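# Fold and contact review
The primary structure of each chain is shown beneath.
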Amino acid sequence: QVQLVESGGGLAQAGGSLRLSCAASGGTFSTSAMGWFRQAPGKEREFVASISWSGGSPSYADSVKGRFTISKDNAKNTVYLQMNSLKPEDTALYYCARRNIFTRAYDYWGQGTQVTVSS
């Protein structure tokens with residue numbers, strides 16, 4: 001059973017930075033693509049960033065491109081999201097998820113970590 005645990009959320013001022021971590025256990029992290037998603041109050045969950053199993057081919061939502069960086073450390077079974085130049089509209093509950101190698105759907109999700117950006 002795959003377990004994903006996010007950490008690193010908190011309160012930041014606009015223009016500031018936060019680094020989220022997602023620690024994985026169980027499954028085969030080193031061969032899994034991973035993604036970050038977020039959900040703001042009253043809104044649907046949206047894609048933020050993804051990365052391939054090897055740590056390459058990062059992909060970003062237009063809203064975070066140039067500000068956020070996703071990375072993956074297979075030795076530590078951890079995926080990161082470095083968030084710079086934060087904006088109030090980045091306020092949301094952030095989730096990491098694992099992409100199933102066969103179905104390509106995200107099949108395991110963490111509980112989320114809250115990010116709040118004040119103006």
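Everything below is about the structure printed above this text.
Described in the following lines is the structure provided in the data block. Each chain has its residues counted from 1, following the order in which its sequence is written. Where totals are concerned, whole chains, interfaces and linings use all residues; where local detail is concerned, this predicted model gives features only for residues with pLDDT of at least 70, and gives and counts side-chain atom pairs only at 80 or more. Values reported for side chains reflect all heavy atoms of the structure, with hydrogen atoms and water molecules removed beforehand.

### A short note on the pairing of strand 5 (residues 46-51)
Here a strand pair is declared whenever DSSP counts at least two bridges between the two strands. Numbered from the N terminus, helices here are DSSP runs of H or I no shorter than four residues, and strands are runs of E no shorter than two. In this sheet, strand 5 lies alongside strand 4 (residues 33-39) in antiparallel orientation, the contact comprising 5 bridges. Residue pairing in the sheet places Trp36 in a bridge with Ala49 of strand 5. One ladder, built from 2 bridges, connects strand 5 with strand 6 (residues 59-60); its direction is antiparallel. The residue of strand 6 that forms the bridge with Ala49 is Tyr60.

### Description of the environment of Thr113
Topologically, Thr113 is positioned in strand 11 (residues 113-118). Judged by its relative accessible area of 9%, Thr113 is buried. When the C-alpha atoms of Thr113 and Ser21 are compared, they prove to be 9.4 Å apart, with 92 residues separating the residues in sequence. The contact definition used throughout considers only heavy atoms, calling two residues in contact when any of these lie within 4.5 Å. Excluding its chain neighbours within four sequence positions, the residues that come into contact with Thr113 are Glu6, Ser7, Gly8, Gly9, Leu20, Ala92, Leu93 and Tyr94. Polar contacts here mean pairs of N or O atoms no more than 3.5 Å apart (in protein, one a potential hydrogen donor and the other a potential acceptor; neighbouring residues in sequence count only if both atoms are side-chain atoms). A polar contact is formed between the side chain of Thr113 and the backbone nitrogen of Gly9, at a distance of 3.1 Å. In this scheme, a residue with accessible area under 20% of its type's maximum is buried, one over 50% is exposed, and one in between is partly exposed, where area comes from a 1.4 Å probe on protein chains only.

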